[in-house]
Amino acid sequence: MKPILLATVAALALIGVYLAAGGATYGPAEVQDPCEPRVWNEPDGLDQLGQQLALSGIDGAACELGVTREALARALADDQSREEFAAEQGISDEEFENAVRSGLMRMIDDAEEAGEIGGIVALGLRALARVVPAQEAFDLLQDARPLIERGIGAGEGLGVFDENLDGGLSDGLSDGLDGLGEDLDQLDRGPRRFERDLNEAIDGAQSTVEEFLEQLER
Amino acid sequence: MAALAVAVGLVLADSSIVVLALPEIYRQFETSITGVSWVLISFNLTLALAAVPAAAWARRFGPGRVAALGLAVFAGASLACGLSDDLTSLITARAVQGLGGAATVTAALELLTTSLGSDRRAIPVWVGAGAIGAALGPAIGGLLTEFVSWQSIFLIQVPICLLAGAPLLAAVRDESREWTRPLSLPGTERPHLAANLALALASAGIAATLFLVVILLIEGWQLTPIAAALVVTTVPLSTLVGARLGRRVADARVRAATGAILLSGGLAGLGLLPKALVVLTVPPQILAGLGLALVLSALTETALAGRGGGALHAGWTISSRHLGVVVGLLLLTPIFTASLENERESAIDSGTAILLDSELSSAAKLDLAQRLPAELERSGDRQIPRIGEAFEPLPDDPEERALLTQLRTDLTDQLERAATHAFAPSFLLAALVVLLSLIPIGLARRLEL
């Protein structure tokens, strides 16, 4: 019986050592749940910020669709892969569009939380995300740079004035944007028209504050 | 006697000699892992099914004639294997090889008994020749595949068959002059149920040890056939050591149980590899090799001992062993391919995550994102993809070059993890099947008929 005992000890020792070294769990790294918040890497430059925002956006859309961020990122590579993915997962065009808009919202939330954009700009962008045409929403999800360029440009100016007005500007603009959104829902105006109105609202607010500051200086 | 031992070794080497050539055959014929596994299955299946009838013919018509005819069929089929230009003809030729092999191997024991004067002396030579052939098969096949071609594995067997067959002509002449069918003692023709059942269960482990380890090394970890041949030489070397150690254990049941535990432990070790490192496959292979030597020799000797009618019982042991290999392959291959498909998806997901989260510029990521799917497409759905070419040429910018090199390393690591993990369920199941052989081994004395 001694050989049986020795063989059992040798076999168990090997199994024990391999288990202790992680043999039971050695496999490809598991991907993160897209609904969970992801660590925000401090972006360096516009390209990295754009990537970071796009990743947040894809996370949001993937969470809405119940798929992984990685699968959705591959699906968004081109129209064909997007259609194949939608057919495979049984996702309708409307569901896909809604998910992409949710993604844009997550992108804006994450950027605001990370301090990359101010509250006013975030409000404006949220309103924009609700109405931007579907194809542009898909494009923005993959390359958020145009959004940032406009958002940061407007935000830098407006953020300063908002501070001087103790948040009065953001409150006012928030009300105005909500009003614009409601107008849009009610009047069924086109998204480009709304975007123009939004820009006019921001420009208007900016020039109002500029005038106010000039008066203060005088 | 030497010629007979060579013939037995050659036939039983064929059960495994082609293992290292399978990835090459798999690529050349653009088939699947399941498809290529039939190159092994067809040979082992006909060998298993024909062994007992071949043994009966050997007793009826004379072992010299049957062995010579078997070797001629084996040689012809080997030539056909070497000249095959599609998978179907290769699988068919392998099946015919198995038929010829069955006749050769079973009749050889009868001839060895006549030549050496007794069963007691003939059985160890017959078992030893088969064990050495089966153990050395993969390494020889790997060397030939690397330095010549997979076809050479079969073509080289033709002259060896002719050399080994020449001395058989004398036996054929003798049998032509005078051959009387030996009388069977009542009850001696029934096979040893427990030993043969245990042999079949333990042999399912051989399929995993030889077939899966090679596929893991070459397809999973992308070793060359020669490097893989070197690595799997651990098994035959350990088998030789195991055969020596086995002589110190007189009780065949203890030897068989010890071997089954070692083989099962080795397979479990292969199923629990903690990293994709070649060196980590060595300790499990040592255990498996030691176990193979002990369990196969003990069970074969038990199945043959004192039963008379050597060829017939040799037929039963060959049948059990190779049926075990076939069942092992049929059981493990679908599990392994399904697991590979799942792991491939996981690896692609984790690879995508690494690419998305890397510090590369958008342009570099987009460029890679366009190249990688082509590499994935090329590898098919049931293969671990190779991604190296997607990174070529590396950019001149040192920072981007370093990032891409790191990314390639990380992605390759994920693929290796996926490959290793894909094999785990099959190895663990094989370990369990081998462990089950302890039941008939434990009951051997009670079930002996």
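Bear in mind that the values here come from a model prediction, so they are computed numbers and not experimental data.

Engineer: Account for the overall build of chain B, naming residues and giving values.
Structural biologist: Helices and strands together make up the secondary structure of chain B, namely 18 helices and zero strands. The principal-axis extents of the C-alpha atoms in chain B amount to approximately 85 × 45 × 30 Å. Within chain B, the proportion of its 449 residues that are buried is 58%. Taking as baseline every contact in chain B between residues at least 6 positions apart, the subset at least 24 positions apart corresponds to 84%.

Engineer: Provide a residue-level description of the overall build of chain A, including the pertinent values.
Structural biologist: Secondary structure summary: chain A contains ten helices and zero strands in total. Reading chain A from its N end, one meets helices and strands in the order α-α-α-α-α-α-α-α-α-α. Taking all 218 residues of chain A together, the buried fraction comes to 38%.

Engineer: So, the domain arrangement of chain B: which residues are in play, and what are the values?
Structural biologist: Once the domains are mapped, chain B shows domain 1 (1-176) and domain 2 (340-421). Its C-alpha centre places domain 1 of chain B at a distance of 43 Å from the equivalent point of domain 2 of chain B.

Engineer: Hey, could you go over the interface of chain A and chain B for me, with residue numbers and the actual values?
Structural biologist: Contacts between the two partners involve 30 residues from chain A, matched on the other side by 33 residues from chain B. Of all the secondary-structure elements, those providing two or more residues to the side of chain A that touches chain B are α1 (2-20), α2 (46-65) and α3 (69-75) of chain A. Examining the composition of the side of chain A that touches chain B, we find that ten residues originate from one element, α1 of chain A, more than from any other.

Engineer: Report on the environment of Gln-51 of chain A, specifying residues and quantitative values.
Structural biologist: Residues and elements named next belong to chain A. Here Gln-51 shows up in helix α2. On the neighbour-count criterion, Gln-51 (24 C-beta atoms within 10 Å) is buried. For the pair Gln-51 and Leu-141, spaced 90 residues apart in sequence, the C-alpha separation works out to 9.7 Å.

Engineer: A description of the environment of Trp-40 of chain A should follow, citing residues and the corresponding values.
Structural biologist: All names here are of chain A. Relative to the helices and strands, Trp-40 resides in the loop between α1 and α2. The partly exposed category is assigned to Trp-40, around which 15 C-beta atoms lie within 10 Å. Ignoring sequence-local partners within four residues, the contact set of Trp-40 consists of Gln-52, Asp-110 and Ala-114.

Engineer: Which residues make up the packing of helix α13 (residues 252-271) of chain B against helix α14 (residues 282-304) of chain B, and what values go with them?
Structural biologist: Residues and elements named next belong to chain B. Packing of α13 against α14 brings their axes to within 7 Å, and their N-to-C directions diverge by 150°. Relative to α14, the element α13 is oriented roughly antiparallel. Viewed along their axes, α13 and α14 form a crossing whose handedness is left-handed. When its residues are assigned to classes, the contact of α13 with α14 shows 18 nonpolar, eight polar and two charged.

Engineer: Residue-level account of the confidence of the model for chain A, with values.
Structural biologist: Do not read the fine detail of predicted coordinates wherever pLDDT is low. Residues of chain A with pLDDT of at least 70 account for 65%, and the chain-wide mean is 73. Looking over chain A, one finds the lowest element-wise mean pLDDT in helix α9 (residues 168-187) of chain A, namely 49, and the highest in α1 of chain A, namely 95.

Engineer: Now, about the confidence of the model for chain B: what can you tell me, with residues and values included?
Structural biologist: Residue and element names in this part refer to chain B. This prediction gives chain B a mean pLDDT of 83; 91% of its residues lie at or above 70. Least confident of the elements in chain B is helix α16 (residues 362-379), whose mean pLDDT is 71; most confident is α13, at 94. Model confidence for the complex: the whole-complex pTM is 0.77, and ipTM, which rates the interface, is 0.84.

Engineer: Which residues make up the nonpolar core, and what are the values?
Structural biologist: Residues Ala-108, Trp-126, Val-214 and Val-434 of chain B are the most contacted members of the largest nonpolar core, which totals 171 residues. Top contributing element to this core by residue count: helix α10 (residues 193-220) of chain B, with 21 residues. Viewed by domain, this core spans two of them, domain 1 (1-176) and domain 2 (340-421) of chain B, each represented by three or more residues. Residues within four places of Trp-126 of chain B in sequence aside, it is in contact with Val-8, Ala-108, Leu-109, Leu-112 and Ala-314 of chain B. Counting 36 residues, the second largest nonpolar core, distinct from the first, contains Leu-55, Ala-61, Leu-65 and Leu-141 of chain A.

Engineer: With reference to specific residues and values, describe unusual backbone geometry.
Structural biologist: All names here are of chain B. At Glu-30, a position not held by glycine, the phi torsion is positive, near 50°. Summarising the element assignment, Glu-30 is placed in the loop between α2 (22-28) and α3 (33-61). Looking at Glu-30, the number of C-beta atoms within 10 Å reads 9, which means it is exposed. For Gln-222, which is not glycine, the phi dihedral falls at a positive 60°. In this fold, Gln-222 is placed in the loop between α10 and α11 (225-232). We classify Gln-222 as partly exposed; it has 17 C-beta atoms within 10 Å.

Engineer: Could you give me a rundown of the environment of Phe-147 of chain B, with the residues and numbers involved?
Structural biologist: Residues and elements named next belong to chain B. Mapped onto the secondary structure, Phe-147 falls in helix α6 (residues 119-147). A residue is classified by how many C-beta atoms lie within 10 Å of it, and Phe-147, with 10 of them, is exposed. Note: C-alpha distance between Phe-147 and Pro-284 (137 residues apart in sequence) is 28 Å.

Engineer: Help me get a handle on the packing of α6 of chain B against α14 of chain B, residues and values and all.
Structural biologist: Residue and element names in this part refer to chain B. Relative orientation of the contacting elements α6 and α14 amounts to 145°, with a least axis distance of 10 Å. Here α6 runs over α14; the crossing is right-handed. Residues Ile-123, Val-127 and Ala-131 of α6 form the contact with α14, whose participating residues are Ala-293, Leu-296, Ser-297, Thr-300, Glu-301 and Leu-304. Of the residues in the contact of α6 with α14, the class split is six nonpolar, two polar and one charged.

Engineer: Account for helix α5 (residues 93-113) of chain A, with residues named and values stated.
Structural biologist: Between its first and last C-alpha atoms α5 of chain A spans 30 Å; for 21 residues at 1.5 Å apiece the expected length is 30 Å, and the two agree. For α5 of chain A, the set of buried residues is Phe-96, Ala-99, Val-100, Arg-101, Gly-103, Leu-104, Met-105, Arg-106, Met-107, Ile-108, Asp-110 and Ala-111 of chain A.

Engineer: Could you give an account of α6 of chain B, naming the residues involved and the relevant values?
Structural biologist: The end-to-end C-alpha distance of α6 of chain B is 41 Å, a good match for the 42 Å that 29 residues give at a rise of 1.5 Å each. Of all the bends in α6 of chain B, the greatest reaches close to 40° and is centred on Gly-137 of chain B; the proline Pro-138 of chain B follows between one and four positions later.

Calculation rules
- Residues numbered from 1 in each chain as written.
- Chains lettered and ligands numbered in written order.
- Predicted model: local features only at pLDDT ≥ 70, side-chain atom pairs only at ≥ 80, totals over all residues.
- Helix = DSSP H or I, 4+ residues; strand = E, 2+ residues; numbered from the N terminus.
- Buried ≥ 20, exposed ≤ 12 C-beta atoms within 10 Å, placed from the backbone.
- Contact = placed C-beta atoms within 7 Å.
- Domains from an automatic or database assignment.
- Axes fitted to C-alpha atoms, helices over the stretch in contact; angles between N-to-C directions.
- Parallel < 35°, antiparallel > 145°, perpendicular 65-115°, else oblique.
- Left-handed = near helix turned anticlockwise from the far one by under 90°.
- Nonpolar A, V, L, I, M, F, W, Y, C, P; charged D, E, K, R; others polar.
- pLDDT = per-residue confidence, 0-100.
- Core = buried A, V, L, I, M, F, W, Y, C linked by C-beta atoms within 7 Å.
- Expected span 1.5 Å × (residues − 1).
- Bend = angle between axes of the 7 residues up to and from the residue.

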